[in-house]
Structures are given as structure tokens and as C-alpha cells.
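Below are the chains, spelled out letter by letter.
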Protein chains: 2
Amino acid sequence: MTDRKINILLVEDHEFTRLGLAMKIENTPKYNLVAQATDGAQGVMMASQYNPDVILMDIGLPKMDGISATRKIKEELKLDCAVLMFTSRDNKEDIFAAFKAGADGYIMKGSSSETLTSAIDTVATKAAWIDSQIARVVLSSIQNENDIQTTATKSQKEANKKYGLTKKELEVLSLIVDGLSNQEISEKLVVSISTTKAHVHNILQKLYLTDRTKAAIVALKEGLV
Amino acid sequence: MTDRKINILLVEDHEFTRLGLAMKIENTPKYNLVAQATDGAQGVMMASQYNPDVILMDIGLPKMDGISATRKIKEELKLDCAVLMFTSRDNKEDIFAAFKAGADGYIMKGSSSETLTSAIDTVATKAAWIDSQIARVVLSSIQNENDIQTTATKSQKEANKKYGLTKKELEVLSLIVDGLSNQEISEKLVVSISTTKAHVHNILQKLYLTDRTKAAIVALKEGLV
DNA sequence: GGTGATATTAGACAGCAGTCTAATGTATAT
DNA sequence: ATATACATTAGACTGCTGTCTAATATCACC
């Protein structure tokens, strides 16, 4: 086989974690750390610039979260690289959003070095790698997906649970889909613009989106409102 | 960590395949082949008898198929072992049925020795292993729900008449509905931002709207794109 | 009584969106 | 040839969007 080194791009905002990971990667002969990014936007940029084999991506990132960044890399840029999500979040929503965005693997922070190398090696060969802690969550949900499709009554309440939107957030999302601006939403709900902005911000976070237009599109297509 | 050998149970009806796998396992120091079964019923029996770490299970088996056997081992007997499906079937139904039954990994016959050991090692640590050939099938079914690549050839000309949008404007509107920013649209169409802004402005004028979010909503609801 | 989730607000800030004006080039129809 | 429609670009400007930080208040739950 090709004994070429695996080129890795590291995207992580916390300095110490990034440093630790960089150390680990650089001390592993078969890996080659090509670049490090400290936020999502920079990560996307560096991905297209260095075209790494594997991107080790944190979820919680400034500028652009890891899931949005993954989506951009996979769907828009269509880069041929494996994205390994590296995070402390083990909730269903994040896991699914990550895979939906095109992630190839999902590993928990706090994993051992052996687990990390195993995961990197696996996704580098284009196979999927799922951490033991969350394997059950993913696999059990695959079962559910079949069951849900037969019952066919999912959309509204399921979608609600799916993204964890609160009642107020759903209300705001609904008004966004009606085409209202923040100012108009504020007037309608009799709250300040700050409040509306906070709600909109929370919605975008939970849906892993970057602007209200995308939120409206997703809400319409997935029947969230 | 524990350098204990990984105890493996092999369940495969085809003699030559079973022999080849047994050879491979026995020639790998870290593995210990505890038993071999030639049908599903025997496999279940041996699983409870030997309590292996990993069961390498074929799907097409006499007496009881591999998926039923897996379900029995996982759900009824609740044995703490990893089941690695080993099969030539790559259709969605089998894959999902396998995971639904509680399989921890899915590997194709015809995989390399390296892939096999990688898969065994991975499921032995209770992580999920999905073969590269079928990773796409599994992940894409998770990723779906979003892809609406409808080739609307009819409504385009009607919409054109309706609002008097030009070909270019419809193209831009379509990209707005995809959630792209002016910058991104400009890059995609290889024009300046000024041009994109002009198109967007014309679209808004013709649709009697004030912003791109409303344009996306109208386009989606009225099937303009 | 403490903890977590939700809702509320403010201010400051960077950046994008959309408007306006103005100009140029091309194609098509009359 | 000349009008009309379409595509392209620039510069400047206003205002809205979304982020970040920070604080307060309520309610349910343990």
C-alpha cells in the first residue's frame, strides 16, 4: 500500500487542547500536521488551501461552528477529505447534525491516544468511525428512523424535539418564515430588539445555521413551522 | 491497557471462507479463536457458551440467519460481546436490519486483512465500525431528508412569465434558495458582487419584496425554483 | 436553597444587505 | 440604425443582521 503520511488539519479554539493534539500528532510518525485553525471560518479556508486527508474538527468554535464548517467543506467546496468531529458533546442532536453535515467520524474529547489514532486511521481510509460512547445513540436511532417512517406522524413534534427549540424560539422561527425582520418580530411579540436577536441567535445555533434566510429555508423544507 | 487477547467466535457456513478466516485469526497473535459455528442456531449457542469478545457473523446462514442470531444474542441473551457482520450484501435493508438487531460493525467479504483486523479491533473496544463501501449508504440515509433536487422544468417558464424574471435572475434566485450569500453567489457565477447585487435587486423589484429571505420563502412556496 | 433552563435586556461591534447613481457592452428586434 | 432589454461593474452610503459579553428575573425541579 501507500505508506504516505496522513495529512491532518487541526481546527480547535481552545489553546491547550489544540497544543496537546498538535503534540500528539507531531509525535506520531505516520501523521503530518499541515496546519492549525482556531475558528471555523479559518478552518474552512485552510481546508481548501492545504487539502488535508483528515480534518480534526471541534464543534464549538467561534466565527463558524464545526458543523457549519463541515457542511461548507463537504457540500459547497466538495473537498475530498475526511472530517473527524472532536467534541465533548454527546447529545443526539449534535451527533446527527454532524453526520448530516457530512462528518466521517465522531470522537469524544477525553478519548485516549490509542482511540484517537484508531479514529484518524479509520476515517483516513474513508470508513466511518463512531466513538464507543455514542455508538449506541447513533445505532439505536437508525432503528428508530425505520420505525418513524412507518408511523409517518413525525414532522412537527419530532422536529421540535430534534433540534431542541423552545416554544418561544419556534414562535420566532415562524415569524422569520413569515418574512418579518427583527424589528417587526419585536413589535409583534412586544419585546425589545435585543430579545429578538437573542432568540434568533439561539435558533441559528441550534439549527447550525448562519443566517435567517437559511433558517427560513430549513424550516419550510423540514416543516418545522 | 489490557493486552489480553481478543476472543473471537466465528459463525460462517461456507467451509472455505470459514477456513480462511480461521487461519487469519489464528495467525494473528492478539486474537484467540475460541470456537467456530456453521449455522445461526449453533452460533447463538456457542456465543452463550464461550462468551467471546467479538463474534464474526455471516448474514446468510442455515437454521437461523445472522441477523436473527444477532438479535437473539443481543436482545434476549444480552451478552456483552460485539457482533461484526461479515457479508457480501451491501443493500440498505440488510445493513439497517443488522444494526437494528444490534450489530456493532459491518464489514464486506472481500475486504483486506488489514480492514478485517481494523474492524475487529474497533468493535472489540465497543466502538462501531462501518465498512467504507457501505458507510455512504448508512450516512447518506442519515443525511437525507434535506435533498430536494427537483428538476422543475415545467414551472420555470411559467414562473418566468408570471414575474418576468430573466434566466440569470432565476439562477440567482435558485442560489438564494440554496442559502448562499451575495459573496458566495458571485463566486459561483464568477461575477463581481456588484453584479450579484444588481440581480438580487432586480429580483426583489420584480417580486415586490424587500429582502432575500422573503424571496427565498416566496420561491419555495410558489415553486419558482 | 441551589441548580438548570428559559426569557429578557443592553451596548458595542463587524460585516453583509440593499439602494442609488452612473456607466459600458451585447444581443435582438424593428 | 436605433430602440429595447439584459448583463456587467464601481463607489458610496444607510441600515439591518448576527456576535459577543454581561447581567437580571422567573420557574421548575431536586
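Higher on the page you've got the structure.
Every residue gets a number counted from 1 within its own chain, in the order that chain's sequence is written. A letter from A marks each chain and a number from 1 marks each ligand, given out in the order of writing. In keeping with the predicted nature of the model, local features appear solely for residues at pLDDT of at least 70, side-chain atom pairs appear and are counted solely at 80 or more, and the whole-chain, interface and lining totals rest on all residues. Here the side-chain values reflect all heavy atoms present in the structure, with hydrogen atoms and water set aside.

Here we take up the overall build of chain A. Each helix and strand in chain A was counted, giving 11 helices and six strands. The buried share among the 225 residues of chain A stands at 51%. For chain A, the share of sequence-separated contacts (at least 6 apart) that also reach a separation of at least 24 residues comes to 63%. To be clear on the numbers: accessible area is Shrake-Rupley with a 1.4 Å probe, and residue cover counts the displayed protein chains and nothing else. Element-wise, carbon and sulfur atoms account for 51% of the exposed surface of chain A, whose accessible area totals about 10500 Å². The numbering of helices and of strands both runs from the N terminus, where a helix is a DSSP run of H or I of at least 4 residues and a strand a run of E of at least 2. To sort residues, take the accessible area from a 1.4 Å probe on protein chains only and compare it with the maximum for the residue type: under 20% means buried, over 50% means exposed, and anything in between is partly exposed. Throughout, a contact is declared for two residues whenever any of their heavy atoms are within 4.5 Å.

Residues and elements named next belong to chain A. Interaxial distance between helix H2 (residues 40-50) and helix H3 (residues 66-76) falls to 9 Å at its minimum, and their mutual angle equals 25°. As the angle between them shows, H2 and H3 are arranged roughly parallel. The crossing of H2 and H3 is right-handed. Contacts from Gly40, Val44 and Ala47 in H2 reach Ala69, Lys72 and Ile73 in H3. In this classification, the charged set is Asp, Glu, Lys and Arg, the nonpolar set is Ala, Val, Leu, Ile, Met, Phe, Trp, Tyr, Cys and Pro, and all remaining amino acids, among them Gly, are polar. Across the contact of H2 with H3, the residue classes break down as four nonpolar, one polar and one charged. Note on definitions: angles span 0 to 180 degrees between N-to-C directions of axes, and those axes are lines fitted to C-alpha atoms, for helices only across the stretch in contact. Working rule for angles: under 35 degrees goes down as roughly parallel, over 145 as roughly antiparallel, 65 to 115 as roughly perpendicular, anything else as oblique. Handedness of a crossing follows from how the near helix is turned relative to the far one, being left-handed for an anticlockwise turn of less than a right angle and right-handed for a clockwise one.

Turning to the protein's contact with DNA strand D, a few remarks are in order. Taken together, 19 residues sit near DNA strand D, with A:His201, A:Arg212, B:Ser192, B:Thr195 and B:His199 positioned nearest. Working definition: residue near molecule or strand if any one of its non-hydrogen atoms lies within 4 Å of it. Of everything in DNA strand D that lies within 4 Å of the protein, sugar and phosphate atoms constitute 76%. Side-chain atoms alone can form a polar contact between residues adjacent in sequence; in general such a contact is a pair of N or O atoms within 3.5 Å, and within protein one must be able to donate a hydrogen while the other accepts it. Taking A:His201, its side chain carries an N or O atom lying 3.4 Å from a phosphate oxygen of DNA strand D. Taking A:Arg212, its main chain carries an N or O atom lying 2.5 Å from a phosphate oxygen of DNA strand D. Counting residues per element, the ones that place at least two in the surface near DNA strand D are helix H10 (193-207) of chain A together with helix H10 (193-207) of chain B.

Let's shift gears to the pattern of salt bridges. When their charged atoms lie close together, side chains carrying opposite charge are able to pair. Residues and elements named next belong to chain B. A pairing counts as a salt bridge when a side-chain nitrogen of Lys or Arg comes within 4 Å of a carboxyl oxygen of Asp or Glu. Counted according to the given criterion, the structure contains 15 salt bridges over all chains. Its salt-bridge partner being Asp121, residue Lys30 comes within 2.6 Å of it at the nearest N-O pair. Remark: Asp121 occurs in helix H5 (residues 113-124) and Lys30 occurs in the loop between helix H1 (15-26) and strand S2 (31-37); sequence separation between them is 91 residues. On the basis of relative accessibility, which here comes to 41%, the residue Lys30 falls in the partly exposed class. By relative accessible area, Asp121 is classed as partly exposed at 24%. Among the salt bridges present, the one from Lys63 reaches Asp39, with a minimum N-O distance of 3.9 Å. Highlighted residues: Lys63 in the loop between strand S3 (54-58) and helix H3 (66-76) and Asp39 in the loop between S2 and helix H2 (40-50), separated in sequence by 24 residues.

Moving on, we get to the sheet that holds strand S6 (residues 128-130) of chain A. Strand order in this open sheet of 12 strands is S2(A)-S1(A)-S3(A)-S4(A)-S5(A)-S6(A)-S6(B)-S5(B)-S4(B)-S3(B)-S1(B)-S2(B), and the pairing throughout is mixed. Two strands close off the open sheet at either side, each with one partner strand: strand S2 (31-37) of chain A together with S2 of chain B. In this sheet, neighbouring strand axes are inclined to one another by 25° on average, regardless of whether the strands run parallel or antiparallel. Sheet topology places strand S4 (residues 82-87) of chain A next to strand S5 (residues 105-108) of chain A; four bridges connect them, and they run parallel. By the bridge assignment, A:Thr87 is partnered in S5(A) with A:Met108. Of the strands in this sheet, strand S1 (6-11), S2, strand S3 (54-58) and S4 of chain A are in contact with helix H1 (residues 15-26) of chain A, which crosses S2(A) at around 160°. The criterion for strand pairing is that DSSP finds at least two bridges linking the strands in question.

The next subject is H2(B). Residues and elements named next belong to chain B. When H2 is considered as a whole, its buried residues turn out to be Gly40, Gly43, Val44, Met46 and Ala47. Of the surrounding secondary structure, the elements contacted by the buried residues of H2 are strand S1 (6-11), S2, S3 and H3. A distance of 3.0 Å separates the backbone nitrogen of Ala41 from a side-chain oxygen at the start of H2, and that oxygen is part of Asp39. After H2 finishes, the residue Asn51 shows a positive phi value of roughly 45°.

For the rest of this paragraph, the subject is the pairing of S1(A). Two faces belong to every sheet, and in a regular strand the side chains alternate between them. Residue and element names in this part refer to chain A. Taken across its six residues, S1 has six buried, putting it largely inside the fold. In S1, alternate side chains face the same way, and those of Ile6, Ile8 and Leu10 on one face and Asn7, Leu9 and Val11 on the other are all buried. Looking down the strands as they point away from the viewer, one classifies a crossover as right-handed if the path from the first strand across the helix to the second runs clockwise. A crossover connection joins S1 to the parallel S2 through H1; in handedness this β-α-β unit is right-handed. As defined by bridge partners, S1 adjoins S3 across four bridges and the pair is classed as parallel. Paired with Ile8 across the bridge in S3 is Val54.

Close to DNA strand C lie 16 residues; A:Thr166, A:Thr195, A:His199, B:His201 and B:Arg212 are nearest. Of all atoms in DNA strand C that approach within 4 Å of the protein, 79% are sugar or phosphate atoms. A:Ser194 has a polar side-chain atom sitting 3.1 Å from a base nitrogen of DNA strand C. In this structure, B:Lys197 approaches DNA strand C through a side-chain N or O atom, which is 2.9 Å from a base oxygen. Contributing elements (two or more residues each) for the surface near DNA strand C: H10 of chain A together with H10 of chain B. Here the residues of the surface near DNA strand C sort into three nonpolar, nine polar and four charged.

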